[in-house]
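Remarks on the overall topology
Each chain, letter by letter, is given below.
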Amino acid sequence: DLRWLTITYVVLSIGLVPIANYYESIMSTGGMSTAEITNAQFVYPFGFALIILLGGLIGDKFGRKMTSVFNGCLSVVSFCLFVFGASHGWNSYFIGVLYSCFLGGYWTCLDYLSVMASEKVPTDVRGSTLGALSLLQMAGCMVGMIVLTVSLAVFATAFVGTLCAVVAVPSIVACMVLTVLKVKETKGVALDEID
């Protein structure tokens, strides 16, 4: 189970660079003005905080697996709408809400996969396990960064939003599918009884 969780974590990490680092480029190449981008970024911290809070409430009530899947789905849908809306003149404040949702959803999903990993191992190796998971996360990030960098070099940078979606969305969807099919819930596990 920990092996499958590690695979889902690495697969999700492939989308980290395109989804977490190109939001401003997506807005500017989509035609948003500096003032509109500022409006969108003004909304972001409030929306992000709300997503994190909701993630905690969902995690406590429905479990870590459900929280990861819900937030992964939120991230995919809101990121696709963000890319589309930024290039089609949508309201800048609404773009900011979408920005909050896709980034907050992504980080919450990643965080809860990490929480599940820590709840699947004995206490004496928990730190080592999370350290190894972070190292593997870097491998996933490198794959996503290389694919995106090559794509941006081959295609026009005017398509930065589409290219980011092409890299990020499949990785998040694959992570959600693997999480649903292969990863077991950890809510309520007795941490001192794990072998």
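Description of the structure in this document. Everything quoted here is computed from the prediction, not taken from an experiment. (Residues numbered from 1 in each chain as written. Predicted model: local features only at pLDDT ≥ 70, side-chain atom pairs only at ≥ 80, totals over all residues. Heavy atoms only, no water.)

Time to look at the packing of helix α1 (residues 2-13) against helix α6 (residues 92-118). Two elements in contact, α1 and α6, have axes whose closest approach is 10 Å; the angle formed by their N-to-C orientations is 160°. Judged on the interaxial angle alone, α6 and α1 are roughly antiparallel. Relative to α6, the crossing made by α1 is left-handed. Within the contact between the two elements, α1 uses Leu 2, Leu 5, Thr 8, Tyr 9, Leu 12 and Ser 13 and α6 uses Tyr 106, Cys 109, Leu 110, Leu 113, Ser 114, Met 116 and Ala 117. (Axes fitted to C-alpha atoms, helices over the stretch in contact; angles between N-to-C directions. Helix = DSSP H or I, 4+ residues; strand = E, 2+ residues; numbered from the N terminus. Parallel < 35°, antiparallel > 145°, perpendicular 65-115°, else oblique. Left-handed = near helix turned anticlockwise from the far one by under 90°. Contact = heavy atoms within 4.5 Å.)

We now examine the side chain of Thr 129. Summarising the element assignment, Thr 129 is placed in helix α7 (residues 126-154). For Thr 129, a relative accessible area of 18% gives the class buried. (Buried < 20%, exposed > 50% of the residue type's maximum accessible area, 1.4 Å probe, protein only.)

Here helix α5 (residues 64-86) crosses helix α8 (residues 160-182) at 160°, and the two axes come no closer than 10 Å. When the interaxial angle is binned, α5 and α8 end up roughly antiparallel. For the pair α5 and α8, the crossing hand works out as left-handed. From α5, Lys 65, Ser 68, Val 69, Gly 72, Cys 73, Ser 75, Val 76, Phe 79, Cys 80 and Val 83 reach across to α8, where they touch Gly 161, Thr 162, Cys 164, Ala 165, Ala 168, Val 169, Ile 172, Val 173, Met 176, Thr 179 and Val 180. Across the contact of α5 with α8, the residue classes break down as 14 nonpolar, 6 polar and 1 charged. (Nonpolar A, V, L, I, M, F, W, Y, C, P; charged D, E, K, R; others polar.)

Any functional reading would require information beyond the geometric quantities listed.
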